[in-house]
Amino acid sequence: MLGATGSIGVSTLEVIKRHEDRFHAVALTANSQVERLFELCLEFRPEYAVMVDDDSAQQLHERLKLADIGIEVLSGIAGLEQVAALPQADYVMAAIVGAAGLEPALAAAAAGKRILLANKEALVMSGRIFMDTVRKSGAELLPVDSEHNAIFQCMPSSAEGGLAAIGVSHILLTASGGPFRTTPMERLAGIAPEEACSHPNWVMGRKISVDSATMMNKGLEVIEACWLFNAEPDQIQVVIHPQSIIHSMVQYTDGSVLAQLGNPDMRTPIAHALAWPERIDSGVPPLDLFAVARFDFEIPDLARFPCLRLAYEAIRTGGTCPAILNAANEIAVQAFLDRQLPFTAISEVVEATLERVSSRPAESLAAVLRDDASARQQALQLIGQMEGQSRA
Ligand code: NAD
Ligand code: MG
């Protein structure tokens with residue numbers, strides 16, 4: 001469980017708890033929340049616990065020792081990579097947020113695990129490298145992102161040979177449109193982090209909540225879908241569906257459209273990916289179609305959501321461009337959450353970073369990480385300039 005203390009991590013542990021006969025957590029990891037991970041260790045009794053931060057790892061180690069619990073505590077990225085490749089771990093839930101999840105997810109891929117992928121940023125950054133690693137090792141990659149899990153469920157078979165070869169014309173990637181779908185445009189600049197983090201339909205971590213509000217989340221998901229389903233960007237149509245009941249659809253050349261529906265609760269895709277090809281109880285209440293009553297669909301407004309346009313442009317450019325987009329976005333979102341940047345400047349920082357950092361073929365992880373670092377530096381510089389201007 002990479003990212004055990006997060007929103008996806010906790011939902012996953014809830015599903016596991018319902019099926020103690022089938023699943024046992026071998027390792028739990030977190031960034032720096034010592035107390036949270038300690039509690040989870042008490043409850044789930046893994047063999048390993050990893051804290052990325054060294055001091056936090058030391059604190060956790062002492063807490064566990066005092067409580068007389070024999071769990072091995074590791075630290076750093078090396079600790080994450082080690083547990084992601086443990087021989088006794090069959091499945092790896094990749095639920096770290098952002099670029100920090102890339103290396104441990106890749107370690108799981110190289111070790112041939114069943115990877116339950118929530119950490120979309122990993123695939124956005126290193127799509128080809130990630131997919132090649134999965135193919136080479138014989139790992140299994142199951143999407144947990146609700147839309148991609150829905151698409152996976154609606155696909156006839158592997159899309160190795162491209163979508164056309166399996167009779168698929170389009171992927172219809174649904175999006176709620178986030179909390180500001182109908183907010184007057186002139187209000188957007190003054191949006192506070194709390195407003196951006198309160199999503200109408202989903203409860204999620206702060207970073208993905210802001211990404212949903214800018215629709216960068218959907219942009220990252222377009223890129224994620226290109227890699228997972230061997231699709232061209234033009235084969236992916238984003239559909240605004242404010243009810244978030246249809247989690248995505250697949251349109252076939254014969255006119256059929258298959259959809260996966262359900263209550264907006266991540267335990268459904270998590271349970272699906274855990275048990276696939278079987279089905280298990282997830283704890284999610286059954287969908288009441290009469291309570292939902294209606295479905296609406298809209299075309300996304302790219303003027304309102306420039307991040308979605310930038311993501312399409314980045315995947316069309318290819319190479320390290322999506323990694324640059326992702327890195328700039330991570331920095332800009334953090335600055336917005338820290339109240340250093342207005343909401344509408346997130347897309348401006350991303351766009352300006354893309355103009356300043358040139359992309360290249362993503363032929364190695366080192367190349368991806370180099371451009372990721374340049375983009376972060378550039379984005380920070382831009383934010384500094386913007387702050388200076390707004391003070392002047
Ligand atoms: P979160 O912020 O709630 O949790 C993040 C987890 O990652 C925590 O356990 C944290 O300790 C760990 N973490 C943070 N920074 C780290 C670092 N530098 N090194 C190692 N670990 C670190 O996030 P979340 O909402 O659970 O999202 C996790 C991932 O799943 C994201 O990539 C997100 O896009 C994706 N996802 C989330 C949802 C959702 O409903 N929350 C849905 C679809 C996809
Ligand atoms: Mg999603």
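Residues numbered from 1 in each chain as written. Chains lettered and ligands numbered in written order. Predicted model: local features only at pLDDT ≥ 70, side-chain atom pairs only at ≥ 80, totals over all residues. Heavy atoms only, no water.

1. A word on the sheet that holds strand β1 (residues 27–30)
Next, step 1: Strand order across the open sheet formed by three strands is β1-β2-β3, with parallel pairing between neighbours. Of all strands in the sheet, those with a lone pairing partner are β1 and β3 (72–75), marking the two edges. On average, adjacent strands in this sheet sit at an angle of 20° to one another, irrespective of strand direction.
Next, step 2: One ladder, built from four bridges, connects strand β2 (residues 48–51) with β3; its direction is parallel. Bridge pairing in β3 links V50 to L74.
Next, step 3: The strands touched by helix α3 (residues 54–66) within the sheet are β2 and β3, with β3 carrying the most contacts at an inclination of about 175°. (Pairing = 2+ DSSP bridges. Helix = DSSP H or I, 4+ residues; strand = E, 2+ residues; numbered from the N terminus. Axes fitted to C-alpha atoms, helices over the stretch in contact; angles between N-to-C directions. Contact = heavy atoms within 4.5 Å.)

2. Some words on helix α11 (residues 267–275)
Next, step 1: Of all nine residues in α11, eight are buried, a share of seventy percent or more.
Next, step 2: Within α11, burial applies to R267, P269, I270, A271, H272, A273, L274 and A275.
Next, step 3: Turning to α11, the residues buried within the fold contact α1 (7–17), β4 (91–94), β5 (114–117), β6 (140–143) and α7 (146–154). (Buried < 20%, exposed > 50% of the residue type's maximum accessible area, 1.4 Å probe, protein only.)

3. Some details on the coordination of the magnesium ion (ligand 2)
Next, step 1: Every protein donor of the magnesium ion (ligand 2) is listed here as D145 (OD), E147 (OE) and E221 (OE), and their distances to the metal cover 2.1 to 2.2 Å.
Next, step 2: Read in sequence order, the donor residues for the magnesium ion (ligand 2) give the motif D-x1-E-x73-E. Of the two residues, D145 and E147, neither departs from the other in class, the shared state being buried. (Donors = N, O, S within 2.8 Å, 3.2 Å for Na, K, Ca; no water.)

4. A look at the pattern of salt bridges
Next, step 1: Overall, the coordinates contain 26 salt bridges when judged by the stated rule.
Next, step 2: When the shortest N-O distance is used, the salt bridge between E140 and R114 registers 3.0 Å. Of this pair, E140 sits in strand β6 while R114 sits in strand β5, and the two are 26 residues apart along the sequence.
Next, step 3: The class of R114 is buried, set by a relative accessible area of 8%.
Next, step 4: A salt bridge links D234 to R316; its shortest N-O distance comes to 2.8 Å. Highlighted residues: D234 in the loop between α10 (216–228) and β8 (236–240) and R316 in helix α13 (residues 306–317), separated in sequence by 82 residues.
Next, step 5: The exposed category is assigned to D234, whose relative accessible area is 56%. (Salt bridge = Lys/Arg side-chain N within 4 Å of Asp/Glu carboxyl O.)

5. Observations concerning the site of ligand 1
Next, step 1: Looking at ligand 1, there are 22 residues lining it, with T5, S7, N31, E121 and G205 nearest.
Next, step 2: Measuring from an oxygen atom of ligand 1, one finds a backbone N or O atom of G6 at 3.1 Å.
Next, step 3: N31 is positioned such that a nitrogen or oxygen atom in its backbone is 2.9 Å from an oxygen atom of ligand 1.
Next, step 4: Summarising the interface, the protein chains cover 87% of the accessible area of ligand 1, which totals 830 Å² for the free molecule.
Next, step 5: Looking at the shell around ligand 1, the elements with two or more residues in it are α1 and α6 (120–137).
Next, step 6: Of the residues assigned to the shell around ligand 1, the class counts are 12 nonpolar, seven polar and three charged. (Near = heavy atom within 4 Å. Polar contact = N/O pair within 3.5 Å; in protein donor to acceptor, adjacent residues only side chain to side chain. Areas by Shrake-Rupley, 256 points an atom, 1.4 Å probe, with all protein chains shown as cover. Nonpolar A, V, L, I, M, F, W, Y, C, P; charged D, E, K, R; others polar.)

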